[in-house]
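Structural features, examined
Each chain is listed here by its residues.
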Amino acid sequence: MRDNEFFVVDLVSCKLTGEIINSLSLALETLKHTGKKIVLKLSNIYLNQSQLLSIQSLITSYGCTLDTVETSNTETAAIVKNMNMSHMFDGCTKLTDIVLPQFSYSKLVDISYLFKGCTNLQNVDISNNYATYVNDMSYLFLDCTNLISLNINNLHTEDPTKMIGLFKGCKSLSNVDFGGSYRLYANDITDMFKDCVSLRNIIIKHFDITSVTDLSFYFADSNLETIEFIDFNTKNVENMEKMFYNCQKLVSISFGNYFKTNKVKTMISMFQSCSQLVNLYLNSFQISSLTYMDNMFKECSSLISITLNTNTNSKISSMISAFEECTALESLDLSIQINANLKMNKLFSKCTTLKNVRLNMYSGNDYYVTDVSEMFYNNYNLETVDMSHFDPSQLENTSYMFYGCKLLNSIKLFNSQYHQTYNLIQMDYMFANCENLTNIDLSKLNTTQVTNMDSLFKKCGALTNINISHFNAAKVENMRSMFESCSKLEKIVMRSYNFDTSKVIYMDNMFKDCKSLSQLDITFFITTNVVNMSSMFENCE
């Protein structure tokens with residue numbers, strides 16, 4: 001039976017493998033046109049996988065493909081159903097080049113580890129092949145350390161396929177192009193490019209990853225310079241942790257129209273240590289499901305501009321060190337609608353060129369920012385901070401918040417419409433080394449629960465007056481170096497009914513080097529629990 005597409009070869013009378021090969025060759029030679037789908041009819045003969053692959057190879061040499069094998073032998077039928085080429089060239093260390101033109105994978109399900117350990121393989125061309133029913137391509141080129149040229153332009157799959165570690169260990173591979181006219185359909189691409197240290201450029205087109213949920217570490221530790229996503233549809237991805245981590249040579253990323261983030265829950269360290277990135281345009285990023293942004297842009301030391309659409313409802317609960325050590329960033333305007341208790345410690349820590357910051361943190365459904373410790377740590381070029389739309393009512397830790405902001409002259413701390421800091425516990429070194437700060441409005445700082453005020457205003461050399469009349473010190477245990485080296489400080493306003501020092505243990509260096517302090521009433525201080533008062537007034541001239 002023949003039609004325009006299929007060609008049936010009846011080999012039921014053949015009892016031996018040799019007879020099958022000979023009869024099949026004669027039948028194929030009668031074909032006038034290639035491209036036929038071959039239907040084989042066999043007897044109850046048993047054929048192993050190697051024999052079936054030989055038959056399939058013979059069919060492809062005539063420009064045809066094996067479509068169906070009809071046999072009453074259940075073992076042969078099972079092998080046909082699950083034919084694989086896994087490890088086929090594994091360890092062929094002398095193989096240097098291979099071309100597989102029009103090789104049919106139509107009956108294969110597993111080609112994993114196909115070229116594993118072919119350490120001298122330099123060129124592979126499988127551009128005219130298809131892997132219609134393959135479900136596992138994992139580690140296909142594992143440790144092909146000298147592979148430099150790879151053409152997979154027209155390779156395509158119809159079903160979701162495992163591609164774990166597909167190019168892992170291909171240390172000489174410099175370019176990969178998924179830009180063919182056919183589609184690759186993947187469901188797991190973990191470690192796909194791991195240890196591809198020579199890879200410089202990637203164009204990803206017609207690569208269907210709509211079944212993929214995890215892109216963590218996808219390009220991590222690579223030497224990529226440019227990445228272009230054309231139709232890389234990430235609509236179901238939930239994890240982008242360390243996706244571009246430590247791509248120290250990456251200068252350009254084009255995300256395209258299909259790079260979706262609406263289901264992503266974690267972007268921890270997503271761009272961390274991408275030290276050559278100058279601009280990031282992330283307007284298309286939707287963060288409605290995002291929970292973790294820790295270290296997201298950390299150590300992006302060349303980044304001068306970030307466009308990030310954060311002005312939306314979010315579930316972010318942690319932004320720890322999100323912009324830490326972005327040493328080229330000069331200004332940032334960040335707005336977030338908070339729908340989860342949020343940690344922002346070290347958010348801008350060591351952003352040494354940052355000059356201006358505006359933060360709008362709007363609380364919803366009783367969720368608040370809880371930790372801002374080291375938020376602007378050592379931002380020694382920071383001049384102004386506007387936190388007037390920042391709700392501090394659930395803050396617990398402000399330690400080292402503005403430490404080392406030597407040029408900071410203006411802080412709009414908190415807006416009067418919000419509650420005070422009723423839960424604040426730690427505020428040590430909060431303004432320490434703010435050498436240019438002349439005035440601080442502390443009226444929104446409720447210190448009822450605070451236990452640590454160590455070095456709170458230490459080395460604030462431009463302050464002349466400090467009003468802490470509303471400070472409640474009832475639970476404070478540490479006041480060490482609280483005003484140390486406030487060399488221009490003339491007056492400190494305190495109230496005896498608030499400033500209860502009965503639980504304080506450390507007062508050493510508390511007013512040390514306050515050379516301009518002309519009056520100070522501490523007659524109400526209770527020092528029964530103090531164990532150290534050394535140098536408390538040293539150099540108070």
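Let me sum up the structure you'll find in this document. What you are looking at is a predicted structure, and each value in this text was computed from that prediction instead of being measured. (Residues numbered from 1 in each chain as written. Predicted model: local features only at pLDDT ≥ 70, side-chain atom pairs only at ≥ 80, totals over all residues. Heavy atoms only, no water.)

Looking at the pairing of strand 16 (residues 279-282)
- Here strand 16 shows a buried face lined by Leu280 and Leu282 and an unburied face lined by Asn279 and Tyr281.
- In terms of strand pairing, strand 16 meets strand 17 (residues 305-308) through 4 bridges, oriented parallel. Each bridged residue has a counterpart across the sheet, and for Asn279 the counterpart in strand 17 is Ser305. (Buried < 20%, exposed > 50% of the residue type's maximum accessible area, 1.4 Å probe, protein only. Helix = DSSP H or I, 4+ residues; strand = E, 2+ residues; numbered from the N terminus. Pairing = 2+ DSSP bridges.)

Structural notes on the sheet that holds strand 2 (residues 37-42)
- In spatial order, the strands read 1-2-3; together these 3 strands make up an open sheet with parallel pairing. In this open sheet, the two strands that pair with only one neighbour each are strand 1 (6-11) and strand 3 (65-70). Across this sheet, the average inter-strand angle for adjacent strands is 25 degrees, counted without regard to direction.
- Across the face of the sheet, helix 1 (residues 17-29) comes into contact with strand 1 and strand 2 while running at roughly 145 degrees to strand 1. (Axes fitted to C-alpha atoms, helices over the stretch in contact; angles between N-to-C directions. Contact = heavy atoms within 4.5 Å.)

Details of the nonpolar core
- Phe244, Phe271, Phe402 and Phe457 are the most contacted members of the largest nonpolar core, which has 141 residues in total.
- Mapped by element, the contributors of at least two residues to this core are strand 11 (184-188), strand 12 (201-204), strand 14 (226-229), strand 16, strand 17, strand 19 (331-338), strand 21 (356-363) and strand 23 (384-390).
- Of the residues forming this core, the biggest block, 4 residues, is contributed by strand 19.
- With 23 residues, the next largest nonpolar core counts Leu24, Ala27, Ile38 and Leu42 among its residues. (Core = buried A, V, L, I, M, F, W, Y, C linked by side-chain atoms within 4.5 Å.)

Observations regarding the side chain of Asp513
- Positionally, Asp513 belongs in the segment after strand 26 (491-493).
- One buried charged residue, Asp513, forms no salt bridge at all, with the nearest opposite charge on Lys512 at 4.8 Å.
- A polar atom in the side chain of Asp513 sits 2.8 Å from the side chain of Asn539.
- What Asp513 contacts, discounting residues up to four positions off in sequence, is Ser485, Cys486, Ser487, Glu538 and Asn539. (Lys, Arg positive; Asp, Glu negative; His and termini not counted. Salt bridge = Lys/Arg side-chain N within 4 Å of Asp/Glu carboxyl O. Polar contact = N/O pair within 3.5 Å; in protein donor to acceptor, adjacent residues only side chain to side chain.)

Some details on the environment of Val504
- For Val504, the location among the structural elements is in the segment after strand 26.
- Dropping the residues within four chain positions of it, Val504 is found in contact with Val476, Glu477, Met479, Asn529 and Val530.

Considerations on the pattern of salt bridges
- Here the structure, examined in full by the defined rule, presents 5 salt bridges.
- Across the salt bridge formed by Lys298 and Glu324, the nearest N and O atoms sit 3.8 Å from each other. Here Glu324 lies in the loop between strand 18 (313-314) and strand 19 and Lys298 lies in the loop between strand 16 and strand 17, a separation of 26 residues in the sequence. Summarising the burial analysis for this pair, Lys298 and Glu324 share the class buried.
- Lys458 is the partner of Glu484 in a salt bridge, and the nearest nitrogen-oxygen pair spans 3.9 Å. Highlighted residues: Glu484 in the loop between strand 25 (465-467) and strand 26 and Lys458 in the loop between strand 24 (410-412) and strand 25, separated in sequence by 26 residues.

Quick look at unusual backbone geometry
- Although it is not a glycine, Tyr113 adopts a positive phi angle of roughly 60 degrees.
- Following the sequence through the fold, Tyr113 ends up in the loop between strand 6 (108-110) and strand 7 (123-125).
- With phi around 60 degrees, Phe217 is a residue other than glycine that occupies positive phi space.

Some remarks on the sheet that holds strand 11
- One open sheet accounts for 3 strands, arranged 9-11-13; its pairing is parallel. A strand with exactly one partner marks an edge of an open sheet, and here the two such strands are strand 9 (161-162) and strand 13 (207-208).
- Pairing of strand 11 with strand 13, which is carried by 2 bridges, proceeds in the parallel orientation. Within strand 13, the residue paired with Tyr185 across the bridge is Asp208.

Examining the state of the cysteines
- Per the stated rule, a full pass over the model turns up 0 disulfides.
- The thiol of Cys434 is unpaired, and the distance to the nearest cysteine sulfur, on Cys405, comes to 5.1 Å.
- In this structure Cys486 is not part of a disulfide, and its nearest cysteine sulfur, from Cys460, lies 5.2 Å away. (Disulfide = S-S within 2.5 Å.)

Quick notes on the packing of aromatic side chains
- Scanning all chains against the criterion turns up 38 aromatic pairs.
- When the centroid spacing of 5.3 Å and the interplanar angle of 40 degrees are considered together, the rings of Phe229 and Phe259 count as tilted. Of this pair, Phe229 sits in strand 14 while Phe259 sits in the loop between strand 15 (252-254) and strand 16, and the two are 30 residues apart along the sequence.
- Residue class for Phe229 comes out buried when judged on its relative accessible area of 1%.
- Pairing Tyr377 with Tyr400 gives two aromatic rings, centres 6.1 Å apart and planes at 55 degrees, and the pair type is tilted. Of this pair, Tyr377 sits in the loop between strand 22 (369-371) and strand 23 while Tyr400 sits in the loop between strand 23 and strand 24, and the two are 23 residues apart along the sequence.
- Judged by its relative accessible area of 19%, Tyr377 is buried.
- With a relative accessible area of 24%, Tyr400 lands in the partly exposed category. (Phe/Tyr/Trp six-rings, centres within 6.5 Å; stacked < 30°, edge-to-face > 60°.)

Quick look at the pairing of strand 23
- For strand 23, a buried count of 5 out of 7 residues is recorded, marking the element as mostly surrounded by other parts of the structure.
- Here 3 bridges tie strand 23 to strand 24, and the two strands are oriented parallel to one another. Bridged to Thr384 within strand 24 is Ser410.

Comments concerning helix 1
- Taking 1.5 Å of rise per residue, 13 residues should cover 18 Å, and helix 1 covers 18 Å from first to last C-alpha, within 8% of that figure.
- Those residues of helix 1 that sit buried are Ile20, Leu24, Ser25, Ala27 and Leu28. In a view along the axis of helix 1, the buried residues occupy a sector of 165 degrees, so they form one face of it. Residues of helix 1 that are exposed and point over 90 degrees away from its buried face: Asn22, Leu26 and Glu29. (Expected span 1.5 Å × (residues − 1). Arc of directions from axis to C-beta.)

Concerning the side chain of Thr71
- Inspection of the secondary structure puts Thr71 in the loop between strand 3 and helix 3 (74-81).
- Within the structure, Thr71 has its side chain in polar contact with the backbone oxygen of Ser43 (distance 3.0 Å).
- Of the polar contacts made by the side chain of Thr71, one reaches the backbone nitrogen of Asn73; its length is 3.1 Å.
- Excluding its chain neighbours within four sequence positions, the residues that come into contact with Thr71 are Leu42, Ser43, Ile45, Thr76 and Ala77.

Nothing here speaks to function; it is geometry throughout.
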